[in-house]
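Architecture at a glance
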Amino acid sequence: MKNNFIYSSDKVLSYLGIDPKKIKDIRSTLKRSHYRSAINWLTIYSPNSNSSNLEKVKGLLEAFYQFSEIEEWDIASKVISIPLNTPTNQALYNQLKTWGYYGEQIDIYQRLLGKINSDWDTICIDGLGNATRALGKWDQSREYYQQQLKKSKTIIDPDTKITALIGLANNFKFQCQYQQATNYYLQVSEIAFENSNHKGRIMALAGLGSVLTCLGQYEMALEYHQQQLAIARKNDDNLAQAEALTNLCCIYYFIKDYKQAIKYQNQSYKIAIQVENKELEAKALLYKGMISHQQWENKEAINCYEQSLELISDMGLILEKAEVLANLAISERELEKENIKKLQEKILDRFQQALSIFNKCGNSVQIANLLKEIAKTYDLTGDFDMAKKYCQEALEMKIKFNLALEKECRELQT
């Protein structure tokens, strides 16, 4: 198998403990047939140089499917654990996430769940929770994280426990349940510190900093993300560096230090391209668009949002798609204020798409912000009754969840 991502077929077969010469000794015709098919995929399949990343690892994925069909779960798990020759050197099942192939991840994890051991079950449940959330399957995601919650109480291995707790913390954070998220991030931090687990420390710092950012406590958040970046750099973890830089960009954006924000955005974008992480690339483009919007460069902002939207749509990232759609609509509205009625339907449609997604995931902060932006749009078009209606809804969200939107909404209501 000639492939820049995958090491030589001899090395792969050695890693899997497979000797092609001994296949003829397998008594079961069915089992022998699947072994031969898997070996063919591993040794003969040769994608074109311009093939997609998914096509380039198709040989490994097809070999995994062959082994899973005959319930050779240990070998199947080894196939998807093969480290790839990519900038991040991740195992195949993790690399699929980096590339944004969540559907393929779900298929793999569903096949392996309950077939090997508790450690693999934790990996599968966490992966399923993350992938289903990314694709907007909120109910399924919550079910997987509930399983994770039950398992986390009995897990002894620190690395596995960290994986379980991070999955739970992230899910609570996405639903704006910040106290619950913080409790789990703190548990991760304690376990990671006791076991010198730098990845665990990075994830805990990232999560705690993100929660503080959501709560508007930017100075404290800045400290956490600077620690996150320092540990990532010390351990030469490029992916973690890009994530930390993105988080720092976010904070400087919120405190309106756009010079610093664009500095970190540029650094994050370069690493995202280098490690081929499409999700981080899309996020960097989103923040560049947001910064451009604040500097009244709405044409540039729209260009960035459209690039980000294309990447996110290809990956099927639902929550991120909503965020980009909302920001794209805001920049289009601001750019075309004089001709707002011509674009009214298009802009409101983007807002409504985003609102529908945030309603499904229960993100109260984003829902309230969108209601406010829809109200602003109706106000610009002269439809004051609709503007007041959406203002009232935003105010009700503000009172219910203690959000800082009252001043803007009151101004639109007068």
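Residues numbered from 1 in each chain as written. Predicted model: local features only at pLDDT ≥ 70, side-chain atom pairs only at ≥ 80, totals over all residues. Heavy atoms only, no water.

Observations regarding the packing of helix 2 (residues 29–43) against helix 4 (residues 58–69)
Angle between the axes and distance between the axes are the two parameters that describe a pair of packed helices. For the pair helix 2 and helix 4, the least separation of the axes is 8 Å and the interaxial angle reads 170°. As summarised for this structure, helix 2 and helix 4 are arranged roughly antiparallel, according to the angle between their axes. Residues His 34, Tyr 35, Ser 37, Ala 38, Trp 41 and Leu 42 of helix 2 form the contact with helix 4, whose participating residues are Lys 58, Gly 59, Leu 60, Glu 62, Ala 63, Gln 66, Phe 67 and Glu 69. Looking at side-chain class alone, the contact of helix 2 with helix 4 contains seven nonpolar, four polar and three charged residues. (Axes fitted to C-alpha atoms, helices over the stretch in contact; angles between N-to-C directions. Helix = DSSP H or I, 4+ residues; strand = E, 2+ residues; numbered from the N terminus. Parallel < 35°, antiparallel > 145°, perpendicular 65-115°, else oblique. Contact = heavy atoms within 4.5 Å. Nonpolar A, V, L, I, M, F, W, Y, C, P; charged D, E, K, R; others polar.)

Here's the deal with the nonpolar core
In summary, soluble globular proteins display a tendency toward joint burial of nonpolar side chains. With 110 residues, the main nonpolar core has Ile 18 and Leu 60 as its most contacted residues. For this core, the element with the most residues is helix 14 (residues 238–254), which contributes 10 residues. Among the nonpolar cores identified, the runner-up in size contains 19 residues, and Ile 162, Phe 172, Tyr 178 and Val 188 belong to it. (Core = buried A, V, L, I, M, F, W, Y, C linked by side-chain atoms within 4.5 Å. Buried < 20%, exposed > 50% of the residue type's maximum accessible area, 1.4 Å probe, protein only.)

Here's the deal with the packing of aromatic side chains
What the rule picks out here adds up to 12 aromatic pairs. Ring geometry for Tyr 378 against Tyr 390: centres 5.7 Å apart, planes inclined by 15°, an arrangement best described as stacked. Taken together, the residues span a long stretch of sequence, with Tyr 378 in helix 20 (residues 364–381) and Tyr 390 in helix 21 (residues 384–401) at a distance of 12 residues. Pairwise contacts between aromatic rings join Tyr 218, Tyr 253, Phe 254 and Tyr 258 into one cluster. Taking the ring centre of Tyr 264 as reference, the NZ or CZ of Lys 263 above it sits at 5.2 Å. If you follow Lys 389 out to its NZ or CZ, it ends over the ring of Tyr 390, 4.3 Å from the centre. (Phe/Tyr/Trp six-rings, centres within 6.5 Å; stacked < 30°, edge-to-face > 60°. Lys NZ or Arg CZ within 6 Å of the ring centre and 35° of its normal.)

Here we look at the pattern of salt bridges
Counted by the stated rule, this structure contains 14 salt bridges. In this structure, Asp 237 engages Lys 199 in a salt bridge whose closest nitrogen and oxygen atoms are separated by 3.0 Å. Separated by 38 residues along the polypeptide, Asp 237 in the loop between helix 13 (218–234) and helix 14 and Lys 199 in helix 12 (residues 198–214) bring together distant segments of the chain. For Asp 237, a relative accessible area of 12% gives the class buried. Taking relative accessible area as the criterion, Lys 199 reaches 46% and is therefore assigned partly exposed. Notably, a salt bridge pairs Lys 337 with Glu 334, separated by 3.1 Å at the nearest N-O pair. Overall, the relative accessible area of 18% leaves Glu 334 in the buried class. One network of salt bridges, with partners in common, ties together Arg 333, Glu 334, Lys 337, Lys 372 and Glu 373. (Salt bridge = Lys/Arg side-chain N within 4 Å of Asp/Glu carboxyl O.)

Some words on the UniProt feature "domain: Chromosome partition protein MukF C-terminal" (unreviewed entry) in the protein
The sites that carry the UniProt feature "domain: Chromosome partition protein MukF C-terminal" (unreviewed entry) are, in the present numbering, residues 306–395. Strand forms 0% of residues 306–395 and helix 89%; the C-alpha atoms that close the span are 31 Å apart. (UniProt positions renumbered as here; feature names shortened; annotations may be inferred.)

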